[in-house]
Amino acid sequence: MEKIDSIGIIGGGPAALFVVKHLISENVYPNTIYIFEKSTRLGAGMPYSTQGAAHEHVANVSANELPELPETFTSFIKRKPHKDYEGFGHYQEINEYKVIPRLVLGDYLEEQFKILLNDIRKHGVQVKVCTETTVTDILKKEDHFEIITNEDDVYECSAAVICTGHHWPKVHEENIPGWYDSPYPPSKFSEITNHPVAIRGTSLTAVDAIKTLARLNGTFSEEKDDLVYTLHEESNNFSLTLFSKRGYLPALRFHSEGSAFSEGWIMSQDEIFEYKSNHGGFVDLDYVFERNFKQPLRKKNEKFYQEIKDLSIEEFVEKMLSIREELDSFELFKAEYYEAQKSIDRHQTIAWKETLAAFSYAINYPAKHFSAEDMIRMRKTLLPLISVIIASLPQSSYKEIIALYNAGLIKLVSVDDESYVEPHSAEGIVYHYVDSEGDKKTDHYRMYVDAIGQQPIQFNDIPFKTLREDGTISSGYLKFKNSDSGKQQFEKNSKNILKIEPDNFYLRVDGININDHFQALDYYGKATPSLFIMAVPFIAGLNPDYSGLDFCDTAGKRVAHSLKLNIIEDRILN
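This section reports on the structure supplied with the text. (Residues numbered from 1 in each chain as written. Predicted model: local features only at pLDDT ≥ 70, side-chain atom pairs only at ≥ 80, totals over all residues. Heavy atoms only, no water.)

Side note on the overall build of the chain
Then, in step 1: For the chain, the helix and strand inventory stands at 17 helices and 24 strands.
Then, in step 2: For 574 residues, the compact-globule estimate of 2.2 N^0.38 gives 25 Å, and the C-alpha radius of gyration of the chain, at 24 Å, lies within 12% of that figure.
Then, in step 3: Projected onto the principal axes, the alpha-carbon positions of the chain cover approximately 75 × 60 × 55 Å.
Then, in step 4: Pairs at least 24 apart in sequence give 73% of the contacts found in the chain among residues at least 6 apart.
Then, in step 5: On the chain, roughly 26,300 Å² of surface is accessible, and the fraction owed to carbon and sulfur atoms is 46%.
Then, in step 6: The positive charge centre, built from 62 side chains, and the negative charge centre, built from 86, are 3 Å apart in the chain. (Helix = DSSP H or I, 4+ residues; strand = E, 2+ residues; numbered from the N terminus. Rg over C-alpha atoms; globule rule 2.2 N^0.38 Å. Contact = heavy atoms within 4.5 Å. Areas by Shrake-Rupley, 256 points an atom, 1.4 Å probe, with all protein chains shown as cover. Lys, Arg positive; Asp, Glu negative; His and termini not counted. Charge placed at Lys NZ, Arg CZ, Asp CG, Glu CD.)

What to know about the packing of helix H4 (residues 204-217) against helix H13 (residues 395-406)
Then, in step 1: The geometry of H4 relative to H13 is characterised by a closest axis approach of 11 Å and an angle of 60° between their N-to-C directions. Regarding the angle of H4 to H13, the classification is oblique. In this structure, H4 meets H13 at a crossing whose hand is left-handed. In contact with Val-207, Ile-210, Lys-211, Ala-214 and Arg-215 of H4, H13 contributes Ser-397, Glu-400, Ile-401 and Leu-404.
Then, in step 2: Per-class residue counts for the contact of H4 with H13 are five nonpolar, one polar and three charged. (Axes fitted to C-alpha atoms, helices over the stretch in contact; angles between N-to-C directions. Parallel < 35°, antiparallel > 145°, perpendicular 65-115°, else oblique. Left-handed = near helix turned anticlockwise from the far one by under 90°. Nonpolar A, V, L, I, M, F, W, Y, C, P; charged D, E, K, R; others polar.)

Digging into the side chain of Gln-519
Then, in step 1: Mapped onto the elements of the fold, Gln-519 is located in strand S23 (residues 519-521).
Then, in step 2: When its relative accessible area of 7% is taken as the criterion, Gln-519 is described as buried.
Then, in step 3: At 3.1 Å, the side chain of Gln-519 and the backbone oxygen of Pro-529 are in polar contact.
Then, in step 4: Those residues within four positions of Gln-519 in sequence are excluded, and the remaining contacts are Asn-513, Ile-514, Ala-527, Thr-528, Pro-529, Leu-531, Phe-532, Ser-562 and Asn-566. (Buried < 20%, exposed > 50% of the residue type's maximum accessible area, 1.4 Å probe, protein only. Polar contact = N/O pair within 3.5 Å; in protein donor to acceptor, adjacent residues only side chain to side chain.)

Regarding the side chain of Lys-368
Then, in step 1: Relative to the assigned elements, Lys-368 resides in the loop between helix H11 (364-367) and helix H12 (372-389).
Then, in step 2: Among the polar contacts made by the side chain of Lys-368, one reaches the main-chain carbonyl oxygen of Tyr-365 at a distance of 3.5 Å.

Some points on the environment of Glu-234
Then, in step 1: Turning to its location among the elements, Glu-234 is positioned in the loop between strand S13 (226-231) and strand S14 (239-244).
Then, in step 2: Each C-alpha atom of the pair Glu-234 and Phe-551 lies 44 Å from the other, and the pair is 317 residues apart in sequence.

Overview of the sheet that holds strand S1 (residues 6-10)
Then, in step 1: In space, the six strands of this open sheet follow the order S5-S2-S1-S9-S24-S23, with mixed pairing throughout. Looking at strand neighbours, the two that pair on one side only are strand S5 (126-130) and S23, the edges of this open sheet. This sheet shows a mean twist of 30° between the axes of neighbouring strands, independent of strand direction.
Then, in step 2: In the sheet, S1 pairs with strand S9 (residues 159-162) via four bridges, with the strands oriented parallel. If you follow Gly-8 over to S9, its bridge partner there is Ala-160.
Then, in step 3: Each of S1, strand S2 (32-36) and S9 touches helix H1 (residues 14-25); the most contacted strand, S1, lies at about 155° to it.
Then, in step 4: The strands that helix H3 (residues 102-121) touches are S2 and S5; relative to S5, the one it contacts most, it runs at about 145°. (Pairing = 2+ DSSP bridges.)

Interpretation note: all reported values are geometric properties and have no functional meaning in isolation.
See below:
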């Protein structure tokens, strides 16, 4: 394979790891690979290092669900047992269906990255790793990029792959006592909290905050098959209140019949092109729902399929969420635990949940070809259900939350869409909301943790100023199929709707515009063949759901394949 000059990978976490994996699988061997990582480690990224986890935090995946890497997780533990973690001190103790502590998973990913980098070096590639290095700007030149670091060093690369991962900006955290813009890194919580704490959200991010704060203020102990939580004497006033717009707790892990995620689930680019050419230039959400949810479900559970086969997306979501709205959140949480435990004990999947999780993965790729109407439908209707179901909360985390609930120390408050938080004049925050009874509330808390999870980054907040200003990257937009519906949305909210004369309307979505190869699209909608965006917060507008390591694996493969095609095209032209 002919060599390309150099590739600059900005970010050295799991996304970068899978890019290197697929450069090798696609036989793409540049002269040099530069890896720029702001921390001291490669491979672990934020979620699987001390930047995003402590000893108590577990991943929501098990060893059997990990994408393929040079070495299996079990083999890694055999070589490097983690004696501080029960069940991971010796490879014979490993249960491949058991969730992995996040810090252990980070060590595994770091080790796999080392193996991959050694492998690619054997093919004559120079690997230059720049740790403790932040990329501050990227400049596109005629035939290369200039990558500028916080030390004002400039590196020339013929291709750039942005893999910067999670982003947790600090807005009020360092200016308002008691206000935390995220639970990360967990090490910032180091003292007891002898007063009630408000947590915004019920996502896995919120669970991270719960686990850390609970341990600072009390202890969990086992009694028979249950956990019991006991407060420290100096934390008698500690409690947790979760605020959620929908009032749902995350669904629990259940037995999964193999990997739900594979390229076979995704509409191929040829299929997308053919469908669009026959359907007015769009892929229809209803078609994807039929193709990637209903039909796979039919193969797994004919009885359940017959119950929902004639339901629209809206009707299906209403059916699935109705029980959540009828029952107390914690009582439903307990019921779902027993359902999930039965699934695990019997090695029987919960077909509709497994299929919906796979659907949420598959929907990423055609989503950028939806009409604006379908994107609005999906975000309003389908994503709230998906976000609950794909959480896959580990059973150990459930037991801790229920121990807090049984001790009367955690509650969930359902709030309205107009709820908001403002700084208190002395300390902490005031939460303004209308409760489920319709009563207006203003509650003061001395400590507040925003834990709604990773949010998309707006275009103007993308950190690479020159790429924004010279039009190399552009905001994401989706066209309205029907100009009347576009006009209605424009009259309602012109801020997020672009009108192009005479009657064309476009919905602005968060972040950057990309194509199916993860190549950035410029101001005119033209792809920059050698600039790839894999940073999830940058592309969440057009990739509405993503599935951690599986997403990195699939995206990394597409990036490497595109680089390979670029080499072949250059060879033909020259």
